[in-house]
Amino acid sequence: RAASSIPAGAKIVLFDAGGGNSKDRGVDPRAYRARTMQAIRAQGAKPIFVSYKQIVGPEGTSAWIANDPHHHFTVASHSRVAAAMLPRVIAALGNK
């Protein structure tokens, strides 16, 4: 799915591959992560892995939408992830 969701011209793609959706489908998160990175590179973008749980905390905390079977976190948590990842995105872009 990664390749079809990357807009043309994207230079960087942030992704998390350790999630509950993989576990729900019985997919090894490490294998999923490797396939996702390969798909992103094939589209000409640089993959940057993001561990959402390391930034916002484990599921079951207030950072995550309560009782959401799809493992989504709150708007405030998305803001925290964006702020935490901004330095890595800037570094990946370099002087461009």
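The notes below deal with the structure included here.

Thresholds applied
Residues numbered from 1 in each chain as written. Predicted model: local features only at pLDDT ≥ 70, side-chain atom pairs only at ≥ 80, totals over all residues. Heavy atoms only, no water. Helix = DSSP H or I, 4+ residues; strand = E, 2+ residues; numbered from the N terminus. Buried < 20%, exposed > 50% of the residue type's maximum accessible area, 1.4 Å probe, protein only. Contact = heavy atoms within 4.5 Å. Areas by Shrake-Rupley, 256 points an atom, 1.4 Å probe, with all protein chains shown as cover. Salt bridge = Lys/Arg side-chain N within 4 Å of Asp/Glu carboxyl O. Phe/Tyr/Trp six-rings, centres within 6.5 Å; stacked < 30°, edge-to-face > 60°. Core = buried A, V, L, I, M, F, W, Y, C linked by side-chain atoms within 4.5 Å.

1. A word on the overall build of the protein
Turning to step 1, where the next piece is worked out: Across its full length, the protein holds 5 helices and 2 strands.
Turning to step 2, where the next piece is worked out: Along the protein, from the amino end to the carboxyl end, the secondary structure elements read α-β-α-α-β-α-α.
Turning to step 3, where the next piece is worked out: Among the 96 residues that make up the protein, the fraction classed as buried is 28%.
Turning to step 4, where the next piece is worked out: Across the protein, every contact between residues at least 6 apart in sequence was considered, and the portion connecting residues at least 24 apart equals 62%.
Turning to step 5, where the next piece is worked out: Of the roughly 6500 Å² that the protein leaves accessible, carbon and sulfur atoms contribute 56%.

2. Quick look at the pattern of salt bridges
Where side chains of opposite charge bring their charged atoms close, a pairing between them can arise.
Turning to step 1, where the next piece is worked out: In this structure the tally under the stated criterion is 1 salt bridge.
Turning to step 2, where the next piece is worked out: Across the pair E59 and K53 runs a salt bridge whose closest N-O atoms are separated by 3.7 Å.

3. Thoughts on the packing of aromatic side chains
Turning to step 1, where the next piece is worked out: Under the criterion given, the structure shown has 3 aromatic pairs.
Turning to step 2, where the next piece is worked out: Between Y52 and F73, the aromatic rings sit 5.0 Å apart at their centres with planes inclined by 70°, giving edge-to-face as the arrangement. Highlighted residues: Y52 in helix α4 (residues 52-56) and F73 in the loop between α4 and α5 (75-93), separated in sequence by 21 residues.
Turning to step 3, where the next piece is worked out: Owing to a relative accessible area of 22%, Y52 belongs among the partly exposed residues under this scheme.

4. Concerning the nonpolar core
Turning to step 1, where the next piece is worked out: Ranked by size, the top nonpolar core spans 10 residues in total: I12, I48, V50, V56, A63, W64, F73, V81, M85 and V89.
Turning to step 2, where the next piece is worked out: With 3 residues, α5 is the single largest residue contributor to this core.
Turning to step 3, where the next piece is worked out: Those residues in contact with V56 that lie beyond four places of it in its chain are T61, A63, W64, S77, R80 and V81.
Turning to step 4, where the next piece is worked out: Of all hydrophobic cores here, the second largest spans 8 residues; its members include I6, F15, A17 and M37.

5. Focus on unusual backbone geometry
Turning to step 1, where the next piece is worked out: One non-glycine residue, N67, adopts positive backbone phi at about 60°.
Turning to step 2, where the next piece is worked out: Its location among the elements puts N67 in the loop between α4 and α5.
Turning to step 3, where the next piece is worked out: Classification of N67 by relative accessible area gives exposed; the value is 80%.

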